[in-house]
Amino acid sequence: MRRLMSLPCTLVALLAAGAARPANAAVNVVASTEDLAALTREVGGDKVKVEAIGRGYQDPHFVEAKPSFILKLHAADLLVLVGRELEIGWLPPLIQQSRNAKVQVSAAGYLDASLTARILEIPTGEITRAMGDVHPLGNPHYWLDPENGRHVAKAIEQRLAQLDPADAAYFSARYADFDTRLAQAEKRWDALMAPYKGLKIVTYHNSWPNFAEHFGLKVVGYVEPRPGIPPSPGHTIDLIQEMKRDNVKILLVEPYFDLKTPNSVSRETGAKVLVMSPSVGGVPEVTDYIKLFDYDLNMLISAIKQTGAK
Amino acid sequence: MRPFTGTTLVFIGACFALVPHLALAAPGDAPTADVTATAASDSAQPPAPTAEPPAPPPQAAPPSSKVFNPDISAIGDFLGAVGKSPGGGEPSLELHEAEVGLQAIVDPYARADFFLTFANDVVGVEEGYVSFTTLPGGLLVKAGKMRDAFGKIDGMHNHVVPTTDRPIVSKNLLGGEDALADSGISVSRLIPIPGVFMEATGQVFRGESEVFKAPTRGDLAYVGHLRLYRDLSESSNVDLGGSVAYGHNGSGADTTTRLFGADATFRYKPLRRAIYHHFLARTELVWSRREAVDGPVQNAFGGYGYVEYQFSRRLFGGVRYDNSQRAEDATLRDTGGSLVLTYWPSEFSQVRGQYRHTHFGEGRTANELLFQLQFSIGAHGAHPF
């Protein structure tokens, strides 16, 4: 019997050895979104090979669990995910079928980026789905605050250093460089947005609370009556009245939502519909994390000037 | 045909069950959850950062009493039917099924999934299995009671079937709702081919399902499935499969049924409008070769074609064509067609209406309207793909 049992032992040892990452090879990272992939590239440079699953112009709640993504996860050394149940409809089955011990929940190659981010709207009282598809662990769109981008980049740097200690100094230097560039960009952005503190806006989905908080905007309504519930005529009428009352002239829409209702709200209220990019890759020119805010803020400020919103 | 004895297979099963634990005993193995949790915060020593590390932000603390509870969900499947059907058909009103799902990670090496069904006052374990998710060599091993991997429709729980009922071929040749679901062991492996997802699955079952009835302990049932998937673009993909199944059918002491299947699916979903529109076309073809003690071998063939289009965020339409001989009497062929309309009030409920025309092999026809209300509470499950 001992001889019989030693055969699977040997096979397992051989297979495990074959699965190990060779020294000096780039760390193979799969990120659930293009934002996390962009932050990983900032820190990892040419010591990492990064692929994103969801595209920046795709609703991150409804990415499909395609088998081709299983292949990506199968070969990954590190999975970076947004967390807070944003990917609950599609990432768990991909992880389970990845046949990769490195990226299973709580393994060294599993990094929930939300754990070091500032999370808003964590429910404190009773929540039910009568409120729509609410996220019980808080709003997952936290990457739209550049401070959180910094926290996430730091978490990625630490995890890359753990997985590839030989390049730890390289990752540390890359993080420091990103931190400096981000700080400079933040000064620029804050100066650009300073005249518009307290500006009231409406958004399609509740994707922008961190963005609004950081840049001093006030979200007063949503096109969706509840998260994940499509616009209803009654709610749209209420929204139009509220926007007229509060003189709201900016309506932010994510690129994956239909523009029919926002356009009709716009006709009634004179508000400008802005299809902003909630993610890196949402439009072709947004190729990295800093360009994401450059693009969105430029678009927002020109719309504010155009509409005379206050 | 008797490729393995029961004893051999039980031994193979025991080996698979042991593999994760053996793998973990190997020195230098992949880090486990325990190691990771501490390494990330305590024992790892990243180099001193050149910039000041950010202050730790506030975090949500889960309620401690619930932290190890499995994810619990319950799905109700309420069916209504009108119209005349020669066999009686579905009841006028029925809580067709209530399914309770309990799912959690067992330990760093495995997860467990239980799906208990309550239908017609009978409680059943639709599935209850452990999956070893950390095995080397691209293997995924499941053990317990599970749905079989034959084709596409067999693996689907009722609430993800896109119509109120299953296709005729499923009822005639594959055992209907419970299909070949049985207690057994499933081993699947990714086969590395550049640019293509290829997965081979082998399952060994006790041989006690809607199709297979093992007269003795050694008469196991086997299911094999090969899946090929390829993205044609970011919006479209093709999914092909080939399946085989073999086992004793209970007609006599040594009578068997062999099943061969082929399935093909094409999907189109534009990513920028993924929540509003998609198109799916699917077909499954099944051949059944059934031996019987009291008659000739029955060679029966059947299949279905299904096309689905999503009109808007909440509205889906589908058309299905059915054609299948019967496993126990291949001279009888049932054909049919269905039109289906599904409305989603939210991601957690759906209302469906279906017009079904069936022409039975005996020469009678049925025209029925079927209604379905599905509602889900509890943990957010994975979206079907």
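Criteria and cut-off values
- Residues numbered from 1 in each chain as written.
- Chains lettered and ligands numbered in written order.
- Predicted model: local features only at pLDDT ≥ 70, side-chain atom pairs only at ≥ 80, totals over all residues.
- Helix = DSSP H or I, 4+ residues; strand = E, 2+ residues; numbered from the N terminus.
- Buried ≥ 20, exposed ≤ 12 C-beta atoms within 10 Å, placed from the backbone.
- Contact = placed C-beta atoms within 7 Å.
- Pairing = 2+ DSSP bridges.
- Axes fitted to C-alpha atoms, helices over the stretch in contact; angles between N-to-C directions.
- Parallel < 35°, antiparallel > 145°, perpendicular 65-115°, else oblique.
- Nonpolar A, V, L, I, M, F, W, Y, C, P; charged D, E, K, R; others polar.
- Arc of directions from axis to C-beta.
- Domains from an automatic or database assignment.
- pLDDT = per-residue confidence, 0-100.
- Core = buried A, V, L, I, M, F, W, Y, C linked by C-beta atoms within 7 Å.
- Right-handed = clockwise from strand over helix to strand, strands pointing away.
- Left-handed = near helix turned anticlockwise from the far one by under 90°.

(A) View of the overall build of chain B. The helix and strand tally for chain B stands at 3 helices and 16 strands. Residues classed as buried in chain B amount to 33% of the 385 residues present. Here the analysis covers contacts within chain B between residues at least 6 apart in sequence; of these, 55% occur between residues at least 24 apart.

(B) How the structure looks around the overall build of chain A. A tally of helices and strands in chain A yields 10 helices and 8 strands. For chain A, the spread of C-alpha atoms along the three principal axes comes to 80 × 40 × 35 Å. Per-residue burial for chain A yields a buried fraction of 53% across its 310 residues. Counted over contacts in chain A with a minimum sequence separation of 6, partners at least 24 positions apart contribute 62%.

(C) Geometry of the sheet that holds strand 8 (residues 272-275) of chain A. Residues and elements named next belong to chain A. As summarised here, the arrangement of the 4 strands in space is 6-5-7-8, forming an open sheet in which the pairing is parallel. Because the sheet does not close on itself, it has two edges, and the strands there are strand 6 (218-222) and strand 8. Looking at each pair of strands side by side, their axes are set apart by 35° on average, direction ignored. Two strands pair when backbone bridges link them, and strand 5 (residues 200-203) and strand 6 are joined in this way by 4 bridges, in the parallel orientation. Within strand 6, the position partnered with valine 202 by the bridge is glycine 221. Against the sheet, helix 8 (residues 233-246) contacts strand 5 and strand 6, and its axis sits at roughly 155° relative to strand 6.

(D) Local environment of the packing of helix 5 (residues 146-163) of chain A against helix 6 (residues 168-193) of chain A. Residue and element names in this part refer to chain A. Direction vectors running N to C along helix 5 and helix 6 enclose 175°, while the axes themselves pass 9 Å from each other. Considering the angle they form, helix 5 stands roughly antiparallel to helix 6. Only Ala168, Phe171, Ser172, Tyr175, Phe178, Asp179, Leu182 and Glu186 of helix 6 make contact with helix 5, whose side of the interface consists of Pro146, Gly149, Arg150, Ala153, Lys154, Glu157, Leu160 and Ala161. Grouping the constituent residues of the contact of helix 5 with helix 6 by class yields 9 nonpolar, 2 polar and 5 charged.

(E) Structural view of helix 9 (residues 260-269) of chain A. All names here are of chain A. Looking at helix 9, one finds that the buried residues are Thr261, Pro262, Val265 and Thr269. Along helix 9, the residues classed as buried sweep out an arc of 100° about the axis, all on the same side. Helix 9 presents Lys260 and Arg267 as exposed residues on the side facing more than 90 degrees away from its buried surface. Buried-residue contacts for helix 9 involve helix 8, strand 7 (250-253) and strand 8. Glycine 270 sits one or two positions beyond helix 9 and adopts a positive phi of about 80°.

(F) Structural view of the domain arrangement of chain A. Residues and elements named next belong to chain A. Under the domain assignment used here, chain A contains domain 1 (17-186) and domain 2 (193-307). Taken over C-alpha atoms, the centre of domain 1 sits 26 Å from the centre of domain 2. At the junction of the two partners, domain 1 supplies 29 residues and domain 2 supplies 25 residues. For the side of domain 1 that touches domain 2, the elements supplying multiple residues, two or more each, are helix 2 (34-44), helix 5 and helix 6. In terms of residues, the side of domain 1 that touches domain 2 owes the most to one element, helix 2, which gives 5 residues.

(G) Looking closely at the confidence of the model for chain A. Per-residue pLDDT for chain A has a mean of 92; in total, 92% of the residues score no lower than 70. Across residues 1-20 of chain A, confidence stays below pLDDT 50; counting only partners more than four residues off in sequence or on other chains, it has 17 contacts.

(H) Representation of the environment of Ala300(B). All names here are of chain B. Looking at where alanine 300 falls in the secondary structure, it is placed in strand 12 (residues 295-310). A tally of 23 C-beta atoms within 10 Å means that alanine 300 is categorised as buried. With 77 residues separating them in the primary sequence, alanine 300 and valine 223 have C-alpha atoms 18 Å apart. For alanine 300, the residues in contact, after removing those within four places along its chain, are Leu173, Ser288, Gln325, Arg326, Ala327 and Ala330.

(I) Spatial organisation of the nonpolar core. Counting 88 residues, the largest nonpolar core has Val29(A), Leu73(A), Leu79(A), Val80(A), Ala113(A), Val152(A) and Ile156(A) as the members making the most contacts within it. Residue assignment places this core across two domains, with domain 1 (17-186) and domain 2 (193-307) of chain A each supplying three or more. In contact with Val29(A), not counting residues within four places along its chain, are Thr40(A), Gly44(A), Val48(A), Lys49(A), Val50(A), Ala76(A), Asp77(A), Leu78(A) and Val80(A). Leu173(B), Ala179(B), Ala181(B) and Ala214(B) belong to the second largest nonpolar core, which has 29 residues in total.

(J) Geometry of the pairing of strand 2 (residues 48-52) of chain A. All names here are of chain A. Residues Val48, Val50 and Ala52 line the buried face of strand 2, whereas the alternating positions Lys49 and Glu51 sit on a face that is not buried. Here strand 1 (residues 27-31) pairs with strand 2 via 5 bridges, running parallel. Looking at the pairing, asparagine 28 lines up with lysine 49 of strand 2. As a crossover connection, the stretch from strand 1 through helix 2 into strand 2 is right-handed.

(K) Local environment of the packing of helix 8 of chain A against helix 9 of chain A. Residues and elements named next belong to chain A. One can describe the packing of helix 8 onto helix 9 by two numbers: an axis separation of 10 Å at closest approach and a directional angle of 40°. Between helix 8 and helix 9, the crossing angle belongs to the class labelled oblique. Handedness of the helix 8/helix 9 crossing: right-handed. From helix 8, Thr236, Leu239, Ile240, Met243 and Lys244 reach across to helix 9, where they touch Thr261, Val265, Glu268 and Thr269. Each residue belonging to the contact of helix 8 with helix 9 can be placed in one class, and the counts come to 4 nonpolar, 3 polar and 2 charged.

(L) Expanded view of the sheet that holds strand 1 of chain A. All names here are of chain A. Across the sheet, 4 strands lie side by side as 2-1-3-4; this open sheet has parallel pairing. Only two strands of the sheet have a single neighbouring strand rather than two, namely strand 2 and strand 4 (110-112). Within the sheet, the average angular offset between the axes of one strand and its neighbour, ignoring direction, is 20°. The sheet contacts of helix 2 involve strand 1, strand 2 and strand 3 (78-81), and relative to strand 2 the element is tilted by about 170°.

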